[in-house]
Amino acid sequence: MFTRLSLRLRIFLFFCLLAAGGAALAGGALWFGWSRAETTLPTAPFITSFIMFAFLNTGLAVAVWLLFDENVAKPINKLSADLRLRAHSGIDGPVDTDAARYLGDLAPAAGALSRTLNASMMDTATQVAHETQRLKSESERLTALLTEIPIATILLNPAHEIVLYDGQAADVLSQIAPPRLKAPLSDYFDLTTLTDAIAQLSPDISEVPFKLGDKKAERVFDAQVKSLGDGGHMILIDVQAIASQLLKARPLVFDFELMNVAETKEIRDTPLRDLCFVPFDTETTGLSVENDAIIQIGGVRILNGQIIDGETFDSFVHPGRKIPPGSTLVHGISDDDVTDAPDIATAGRAFHHFARDAILVAHNAPFDIGLLRKSEAEMGVEWNHPVLDTVLLSAVIFGVTEEHSLDALCDRLAITIPAELRHTAYGDAHATGAALVKLLPLLEGRGVNTFGQLIEETRKHSRLLHDLND
């Protein structure tokens, strides 16, 4: 039971026990002296003495506890958080040993260990960076090659979820809804003809042509399906006829780990690494959920603990009113920027599709989620997604006494927010996503491995912000 309590709370309870034990012993001694007196003595002096002792003893215990908390408990928590940052999130830099100056040789020993780990990590990081650059160059060459071919390529796992799509496929998908890895293909197309085509595949027939219609029944594409031999399939869509309408060049987006279909579990029992997250942010006309409106929505998607390059959401929103000059000073968005922007109904529906089957993540989530839920009727959707708040995650990792603003959290996690992106919906969403990527291994290092365990931890800090997963 006591192991589940925080270090600072356990120390506080220890000093409470000392104060109560001292008062009990003093009371017992006074009673023993009064009861052993040869003549009956008045009780008032003994009671007064006990009350004075109990008061002074409690005051002394509180004073010593405050000193112990400030100079021992807090530094231990900070030192452990610093070490976890370096062990699990690859944060480089020296450990702050000044805060732990009263802990004897513990702080210098931790600093020496951190320096050794940093040196080893830098060597590994250099090798990884070199290999990453090589793979990136190869990916860019492959992307350029595929761009020249008027064929859209989509890879599906056995559950017909998207594992890979190229630039042409991204353009085709985006004309229906925002493209997403791990999204069921049925979110975009009517799969009736695809199912029939797959049924015709055999060892002697490696590919089958078919007509692929979108869900809106607005377009029909010439397509082919090929078996990948492991239950997955490749869809090739002829886009030559619509090449002139393609939106813009896009990167090749893939995650081959998605080929292995994960066992379906209750979300509370699902490992954090197996979840899809959509960190997002909004810019608004003001700071009131009831009276103000969204003017920009930005988001990114995280799968397998990494931000997916190429899957972003960034849209201005017409608020249907003038943007106050004071708000423009904060985020730089003026009435001219939103003149031709979609309204909240259109932009909200698009973002809802982008965030489908994901856990929404925001910094100070009650505000952003409140604005989305306020407009549910206009959008025609329900914002009933599970929600994580990086303010609460920061409190779980670093304790409630630390500052938990987005800037402070990013500074602690060595995340740089470009000045031109700060206070933009996409910039803050990307920073929130980068913070989540670094917080996940820290949570796992503390034994928080599933979504249910994480919610239990965040609810311990609900005095900071209300948890939205009721």
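The text that follows walks through the structure, step by step, so that each part is easy to find. (Residues numbered from 1 in each chain as written. Predicted model: local features only at pLDDT ≥ 70, side-chain atom pairs only at ≥ 80, totals over all residues. Heavy atoms only, no water.)

## Examining the sheet that holds strand β11 (residues 387-389)
Strand order in the open sheet formed by five strands is β9-β8-β7-β10-β11, and the pairing between neighbours is mixed. Looking at the sheet topology across the chains shown, the edges are occupied by β9 (306-316) and β11. When strand polarity is set aside, the average angle formed by the axes of neighbouring strands in this sheet is 25 degrees. Summarising the sheet, strand β8 (residues 294-303) and β9 pair through seven bridges and their orientation is antiparallel. Its bridge partner lying in β9, G298 is registered against D314. (Pairing = 2+ DSSP bridges. Helix = DSSP H or I, 4+ residues; strand = E, 2+ residues; numbered from the N terminus. Axes fitted to C-alpha atoms, helices over the stretch in contact; angles between N-to-C directions.)

## Describing the pattern of salt bridges
What the rule picks out here adds up to 13 salt bridges. Residue R268 pairs with E456 through a salt bridge whose shortest N-O separation is 3.9 Å. Of this pair, R268 sits in the loop between β6 (253-254) and β7 (277-284) while E456 sits in helix α13 (residues 451-459), placing them 188 residues apart in sequence. For R422, the salt bridge goes to D428, with nearest N and O atoms at 2.9 Å. For D428, a relative accessible area of 5% puts it in the buried group. (Salt bridge = Lys/Arg side-chain N within 4 Å of Asp/Glu carboxyl O. Buried < 20%, exposed > 50% of the residue type's maximum accessible area, 1.4 Å probe, protein only.)

## A look at helix α7 (residues 344-354)
By the criterion of burial, α7 is predominantly enclosed, with eight of the 11 residues buried. Those residues of α7 that sit buried are I344, A345, A347, G348, F351, H352, H353 and F354. Elements in contact with the buried residues of α7: β7, β8, β9, β10 (359-362), α8 (365-374) and α9 (376-379). (Contact = heavy atoms within 4.5 Å.)

## Structural notes on helix α1 (residues 7-35)
Here α1 is 29 residues long and its end C-alpha atoms lie 42 Å apart, about the 42 Å a rise of 1.5 Å per residue gives. Listed as buried for α1 are I11, F15, A19, G22, A23 and A26. (Expected span 1.5 Å × (residues − 1).)

## Quick word on the nonpolar core
One finds I154, I162, Y165, F189, I235, I237 and F351 to be the most contacted residues of the largest nonpolar core, which totals 63 residues. By residue number, the principal contributor to this core is α8, which donates five residues. L275, C410, A434 and L440 belong to the second-largest nonpolar core, a separate cluster that totals 32 residues. (Core = buried A, V, L, I, M, F, W, Y, C linked by side-chain atoms within 4.5 Å.)

## Details of the environment of A435
You can see A435 is positioned in helix α12 (residues 425-445). For A435, a relative accessible area of 0% gives the class buried. Considering only alpha carbons, one finds A435 and L393, 42 residues apart in sequence, at a separation of 9.8 Å.

Interpretation note: all reported values are geometric properties and have no functional meaning in isolation.
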